[in-house]
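Chain by chain, the residues run as shown.
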Amino acid sequence: MNSLKLSLFLLGTTPLFSFANNVKKDTRPNIIHIMTDDHSFQTISAYGHPISQLAPTPNLDRLASEGMLFTKGYVENSLSAPSRATLLTGMYSHMHGQETLGPGLDTTLTVFPELLQEAGYQTAIIGKWHLHCEPKGFDYYKILYDQGDYYNPEFKTKDTNGKYVREEGYATTLITDYSLEWLDKRDKNKPFCLLLHPKAPHRNWMPEQKYLNLYDDVEFPYPATLFDDYKGRKAASTQEMSIKNDMTWAYDLKVDQLKERDNIKWTIRDWERALGRMTPEERAAWDAAYKDENEELIRKNLKGDDLIKWKYQRYIRDYVRCIKSLDDQIGRVLDYLDKNGLTDNTIIVYTSDQGFYMGEHGWFDKRFMYEESFRTPLIIRYPEKIKNKGIKCDALVQNIDFAPTYLSLAGVEQPSWMVGRSLIDLMENDGKTPADWRKTLYYHYYDYPAIHMVRRHDGVSDGRYKLIHFYGKGKGKDTGNDIDEWELYDTSVDSLELNNIYNEEENNIVIEYLKRELSLYREKYKVNEF
Ligand code: SGN
Ligand code: CA
């Protein structure tokens, strides 16, 4: 890294060094970036969605009440590996090259933790990495194998000779344990940056032992679009991520008794592998927890909408059980910061690598530019800059903004290749949107053909109107079905995004404006495919 690109300067009134006890202590802020995997804003009670009111998240709510809740936090490509590469580089997917789940991070790129290291920070990543290469820019890492497992997962560190080693415990808890251990061991005279990346609540939503029966008696509300017919939306009609057709009996729904009905064979293999990771005691408790409900389902022989509703309840219950464990662990991190006098000088960011469908449009998974997966949860607590606690910020922010934010906190100049903007301006401004803030967001999804078969698309949103262009050659089951379809939504009157109004003449002015914006993004950032 060219050291000319780095310029350290004193931050506001915060002294860079203090000399208590004759030890030179660097007092720049610490950074904790908690990024979960597939966490929907619908399941954080601070956001107020009906599901979350029945399965509250008190610790995340505490974070929001002591910090700032972003209501318009988005990703630029709703998928894990691209989102993680964007976090690290501050670039759009086509710029860092990690457009899909493969092929792995381009290791010639400079990632923000390297710049922090050069500026005197200690850095660590613990949990999901998913970029198919050795982590770079971290003094310490302890990463999960690929997507990772919920029960007794395997981790790799610099000391395990390239091998992944099985650990005893539940992934969500272990990842917090390792994070707090690293914080204990760190050099207390230097600021730190910790990326704490849980596996949860990624598919296949396996709850912790103590929560296997949590919410058994709760009936979660059904989304208005659970039985969506996809009228006027071609790409939505050809996906393979529906609760009705694509959830497997064993792997997803935990009805081991019906696994012979699953025709995607790898899911049976993965299901048996996941169960096989458990200790005999864990396995016995697991089987006991699901037994009665599974037998009742088989006895009732549900069909049609009733069966979809049953699947929905099973899915949501398992998902929010995983969230309960996550929320507990957030509480542990907050308590640790309090006990160690770190609360005031640490920025703690809670987000997810993307949002997730909780049955909206009949779906699980993500990928589409529709709201539930385009948007991602974002809560920031930073007492130094967020003075008006518990406020909301409605500015359009995106995961390209994290790297610039963290660099600016460390007093490192933002490199020219980063396309985002530091969120500090919003924090200092009580969440109000400055006049020169971005007016639109660019989004681009590439991973097709691939699991869930979501067609490629890019688009722009101004927070109200959303213009999406689905494009590309049909492959696999879509062979011959090339697509070149435009969709437009006015989310102020159609928050469910059911009415594609692209073909209504009265919207021509809006369409013209958004197409111009889209062209500007494609030209300015040299997007070659669309
Ligand atoms: C796995 C999941 C998919 C999921 C992708 C991407 N199947 O392939 O359902 O869409 O990961 O998820 S699983 O059977 O292996 O769970 S991401 O979070 O990594 O983007
Ligand atoms: Ca994810």
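Everything discussed here concerns the structure shown above.
## What to know about the packing of helix α6 (residues 171-185) against helix α11 (residues 304-339)
Interhelical geometry of α6 versus α11 gives an angle of 10 degrees and a closest axis separation of 9 Å. With respect to each other, α6 and α11 are oriented roughly parallel. From α6, T172, T173, T176, D177, L180, L183 and D184 reach across to α11, where they touch S325, L326, Q329, R332, V333 and Y336. Tallied by class, residues from the contact of α6 with α11 come to five nonpolar, five polar and three charged.

## Remarks on the coordination of the calcium ion (ligand 2)
In the first shell of the calcium ion (ligand 2), the protein supplies D37 (OD), D38 (OD), D353 (OD), D353 (OD) and Q354 (OE1), at 2.1 to 2.7 Å from the metal. One chain supplies every donor for the calcium ion (ligand 2), spaced along it as D-D-x314-D-Q. Of this pair, D38 sits in the loop between β3 (30-36) and α1 (50-54) while Q354 is found in the loop between β11 (346-352) and α12 (371-374), placing the two residues 316 residues apart along the sequence. For D38, a relative accessible area of 1% puts it in the buried group.

## Some points on the side chain of Q147
Turning to its location among the elements, Q147 is positioned in the loop between β7 (140-144) and β8 (154-157). The contact partners of Q147, leaving out residues within four places of it in the chain, are D37, K128, H130, K199 and H202.

## Some thoughts on the site of ligand 1
Neighbouring ligand 1 are 19 residues, the closest being S80, D365, K366, R367 and H452. Separating an oxygen atom of ligand 1 from a side-chain N or O atom of D37 is a distance of 3.2 Å. One of the side-chain nitrogen or oxygen atoms of H452 is found 2.7 Å away from an oxygen atom of ligand 1. Against a free-state accessible area of 450 Å², the protein chains account for coverage of 91% of ligand 1. Residues that form the shell around ligand 1 fall into these classes: five nonpolar, six polar and eight charged.

## A closer look at the layout of surface pockets
In this structure, the largest pocket encloses a volume near 600 Å³. Residues belonging to the lining of the largest pocket are distributed by class as follows: ten nonpolar, eight polar and 14 charged. Taken as a whole, the second largest pocket holds about 410 Å³ of empty space. Looking at the lining of the second largest pocket residue by residue, the class counts come to ten nonpolar, eight polar and five charged.

## Here's the deal with helix α13 (residues 402-410)
With eight of its nine residues buried, α13 lies for the most part within the structure. Buried within α13 we find F402, A403, P404, T405, Y406, L407, L409 and A410. Count one or two residues on from α13 and you reach G411, which has phi positive near 75 degrees.

## Considerations on unusual backbone geometry
The amide bond that connects A200 to the next residue, P201, takes the cis arrangement and shows omega of -5 degrees. Tracing the backbone shows P201 in the loop between β10 (192-197) and α7 (234-238). Note that the residue after R203, namely N204, is joined by a cis bond; omega there is 15 degrees. One can find N204 in the loop between β10 and α7.

## A few points about empty space enclosed by the protein
The tally for this structure, following the rule as stated, stands at three cavities of 30 Å³ or more. Counted as a void, the largest cavity has a volume near 40 Å³. Around the largest cavity, the lining residues are I34, T172, I175, T176, L196, P198, L326, Q329, I330 and V333. The set of elements that each furnish at least two residues to the lining of the largest cavity consists of α6 and α11.

## Description of the environment of M453
By the secondary structure assignment, M453 is in the loop between β15 (441-445) and β16 (457-461). Once residues within four sequence positions are removed from consideration, M453 is found in contact with T238, Q239, E240, Y448, K475, K477 and D478.

## So, the side chain of S461
With respect to the helices and strands, the residue S461 is situated in strand β16. Engagement of the side chain of S461 in a polar contact is seen with the backbone nitrogen of G463, the distance being 3.0 Å. Setting aside residues no more than four positions away along its own chain, S461 makes contact with M369, F374, L396, K439, T440, L441 and K466.

## Here we look at the sheet that holds β16
With respect to topology, four strands assemble into an open sheet ordered β15-β16-β17-β18, the strand pairing being antiparallel. Each edge of the open sheet is held by one strand with a lone partner, namely β15 and β18 (483-490). Here the strands of the sheet are splayed against their neighbours by 15 degrees on average, with no regard to which way each runs.

## Details of the pairing of β16
Most of β16 is tucked away, with five of its five residues classed as buried. Neither face of β16 is exposed, since H457, G459 and S461 on one face and D458 and V460 on the opposite face are all buried. Across five bridges, β15 lies against β16 in antiparallel orientation. Bridge pairing in β16 links Y442 to V460. As paired elements, β16 and strand β17 (residues 465-472) share five bridges and run antiparallel to each other. Note that in β17 the partner of S461 across the bridge is K466. Between β16 and β17, which pair antiparallel and follow one another directly, the connecting turn spans three residues, one of which, G463, has a positive phi of 95 degrees.

## Here we look at helix α9 (residues 265-276)
The end-to-end C-alpha separation of α9 is 17 Å, in line with the 16 Å expected for twelve residues at 1.5 Å each. Residues T267, I268, D270, W271, A274 and L275 constitute the buried set of α9. What you see down the axis of α9 is that its buried residues fit within an arc of 165 degrees, all on one side. Opposite the buried face of α9, by more than 90 degrees, sit the exposed residues K265, R269 and G276.

## Brief notes about the packing of aromatic side chains
Counted under the stated rule, the structure contains 35 aromatic pairs. Judged by centre distance (5.1 Å) and plane angle (40 degrees), the ring pair of Y222 and Y312 falls under tilted. With Y222 in the loop between β10 and α7 and Y312 in helix α11, the pair connects residues that are 90 residues apart, well separated along the chain. Judged by centre distance (5.9 Å) and plane angle (20 degrees), the ring pair of Y319 and F356 falls under stacked. Of this pair, Y319 sits in helix α11 while F356 sits in the loop between β11 and α12, and the two are 37 residues apart along the sequence. Each member of the pair, Y319 together with F356, is buried. Here the aromatic residues Y230, Y357, W363, F368, Y370, F470 and Y489 are joined through ring pairs into a cluster of three or more. Over the face of the ring belonging to F155 we find K142, whose NZ or CZ atom lies 5.9 Å from the ring centre. Taking the ring centre of W486 as reference, the NZ or CZ of K515 above it sits at 4.2 Å.

Definitions and cut-offs
- Residues numbered from 1 in each chain as written.
- Chains lettered and ligands numbered in written order.
- Predicted model: local features only at pLDDT ≥ 70, side-chain atom pairs only at ≥ 80, totals over all residues.
- Heavy atoms only, no water.
- Axes fitted to C-alpha atoms, helices over the stretch in contact; angles between N-to-C directions.
- Helix = DSSP H or I, 4+ residues; strand = E, 2+ residues; numbered from the N terminus.
- Parallel < 35°, antiparallel > 145°, perpendicular 65-115°, else oblique.
- Contact = heavy atoms within 4.5 Å.
- Nonpolar A, V, L, I, M, F, W, Y, C, P; charged D, E, K, R; others polar.
- Donors = N, O, S within 2.8 Å, 3.2 Å for Na, K, Ca; no water.
- Buried < 20%, exposed > 50% of the residue type's maximum accessible area, 1.4 Å probe, protein only.
- Near = heavy atom within 4 Å.
- Polar contact = N/O pair within 3.5 Å; in protein donor to acceptor, adjacent residues only side chain to side chain.
- Areas by Shrake-Rupley, 256 points an atom, 1.4 Å probe, with all protein chains shown as cover.
- 1 Å grid on protein atoms, 1.4 Å probe; cavity = no way out; pocket = protein on both sides within 12 Å on 5 of 7 lines; lining within 4 Å.
- Points joined across faces, edges and corners; volume = space filled by probe spheres on them.
- Pairing = 2+ DSSP bridges.
- Expected span 1.5 Å × (residues − 1).
- Arc of directions from axis to C-beta.
- Phe/Tyr/Trp six-rings, centres within 6.5 Å; stacked < 30°, edge-to-face > 60°.
- Lys NZ or Arg CZ within 6 Å of the ring centre and 35° of its normal.

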